[in-house]
Amino acid sequence: QVQLVESGGGLVQAGVSLRLSCAASGRTSSSYAMGWFRQAPGKEREFVAAISRGGAGTYYADSVKGRSTISRDNAKNTVYLQLNSLKPEDTAVYYCAATSRYGSRITRTLDYDYWGQGTQVTVSS
């Protein structure tokens, strides 16, 4: 079992950067690959980025590729998502998730075992 708590969201203007954090407790986060998803009002939850157990592998959705970075600090049981050049279309609730699968190309919500409660990111134009 692992519990996930996201933080770092907020209301920001377009063009700025934001770093989201996901703190894991319970079983150590290094036992899981981790992912970030987001869900905008009226839309399905969508994949944003994922990172392998050791952190060597990362994978991004096309919508954020080149302006975001996922990283992890297993000593702190924390995963981060750095979002740069934020756009109004990035507005969503961002969720952290953990999976027992290996690798980083893990993009389906059904492949993840544990989820956090989410943190709201609102980008104004």
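Thresholds, definitions, all that
Residues numbered from 1 in each chain as written. Predicted model: local features only at pLDDT ≥ 70, side-chain atom pairs only at ≥ 80, totals over all residues. Heavy atoms only, no water. Helix = DSSP H or I, 4+ residues; strand = E, 2+ residues; numbered from the N terminus. Buried < 20%, exposed > 50% of the residue type's maximum accessible area, 1.4 Å probe, protein only. Pairing = 2+ DSSP bridges. Axes fitted to C-alpha atoms, helices over the stretch in contact; angles between N-to-C directions. Contact = heavy atoms within 4.5 Å. Disulfide = S-S within 2.5 Å. Polar contact = N/O pair within 3.5 Å; in protein donor to acceptor, adjacent residues only side chain to side chain. Salt bridge = Lys/Arg side-chain N within 4 Å of Asp/Glu carboxyl O.

With that settled, the discussion passes to unusual backbone geometry. Positive phi, normally seen in glycine, also occurs at Asn 77, with a value near 55°. Take Asn 77: it is sitting in the loop between strand 7 (68-73) and strand 8 (78-83). A relative accessible area of 18% means that Asn 77 is categorised as buried. In this model, Ser 85 sits at a positive phi of 50°, which is unusual for a non-glycine residue. Assessed through its relative accessible area of 41%, Ser 85 is described here as partly exposed.

Remark on secondary structure: sheet strands pair via backbone hydrogen bonds, oriented parallel or antiparallel. The four strands are arranged 1-3-8-7 in an open sheet whose pairing can be described as antiparallel. Taken across any chain shown, the strands that pair with only one partner, and hence form the sheet edges, are strand 1 (2-7) and strand 7. With direction set aside, neighbouring strand axes in the sheet form an average angle of 15°. In this sheet, strand 8 lies alongside strand 7 in antiparallel orientation, the contact comprising six bridges. Bridging across to strand 8, Ser 68 finds its partner in Leu 83.

This paragraph deals with the environment of Tyr 60. Residue placement: Tyr 60 occurs in strand 6 (residues 58-60). Judged by relative accessible area, which is 16%, Tyr 60 ranks as buried. As for Tyr 60 and Ala 33, which are separated by 27 residues in sequence, their C-alpha atoms are 14 Å apart. Filtering out sequence-adjacent residues up to four positions away, Tyr 60 remains in contact with Phe 47, Val 48, Ala 49, Lys 65, Ser 68, Thr 69 and Ile 70.

By the element assignment, Arg 67 lies in the loop between strand 6 and strand 7. A relative accessible area of 11% means that Arg 67 is categorised as buried. Residues within four places of Arg 67 in sequence aside, it is in contact with Gln 82, Leu 83, Asn 84, Ser 85, Leu 86, Lys 87 and Asp 90.

Another point: the state of the cysteines. Under the defined criterion, the tally for this structure stands at one disulfide. Note on cysteine connectivity: Cys 22 is disulfide-linked to Cys 96, with sulfurs 2.0 Å apart. In this structure the cystine formed by Cys 22 and Cys 96 twists about its S-S bond by roughly -75°; its chirality is therefore left-handed. One end of the pair, Cys 22, is in strand 3 (residues 18-26); the other, Cys 96, is in strand 9 (residues 92-99), and 74 residues separate them in sequence. Residue Cys 22 shares its accessibility class with Cys 96, and that shared class is buried.

Quick look at the environment of Arg 53 now. Within the fold, Arg 53 resides in the loop between strand 5 (46-51) and strand 6. Each C-alpha atom of the pair Arg 53 and Ser 30 lies 5.3 Å from the other, and the pair is 23 residues apart in sequence. If we skip the residues at most four places from it in the chain, Arg 53 touches Ser 30, Ser 31, Tyr 32, Ala 33, Arg 72, Asn 74, Ser 100, Arg 101 and Tyr 102. Polar contacts involving the side chain of Arg 53 include one to the side chain of Tyr 102, which spans 3.4 Å.

Bringing the pattern of salt bridges into the picture now. Inspection of the entire model under this criterion finds six salt bridges. Here Arg 67 and Asp 90 are joined by a salt bridge, their closest N and O atoms 2.7 Å apart. Taken together, the positions of Arg 67 in the loop between strand 6 and strand 7 and Asp 90 in the loop between strand 8 and strand 9 put the pair 23 residues apart, joining distant regions of the chain. With respect to class, Arg 67 is no different from Asp 90; both count as buried. Among the charged side chains, a salt-bridge network with shared partners connects Arg 38, Glu 46, Arg 67 and Asp 90.

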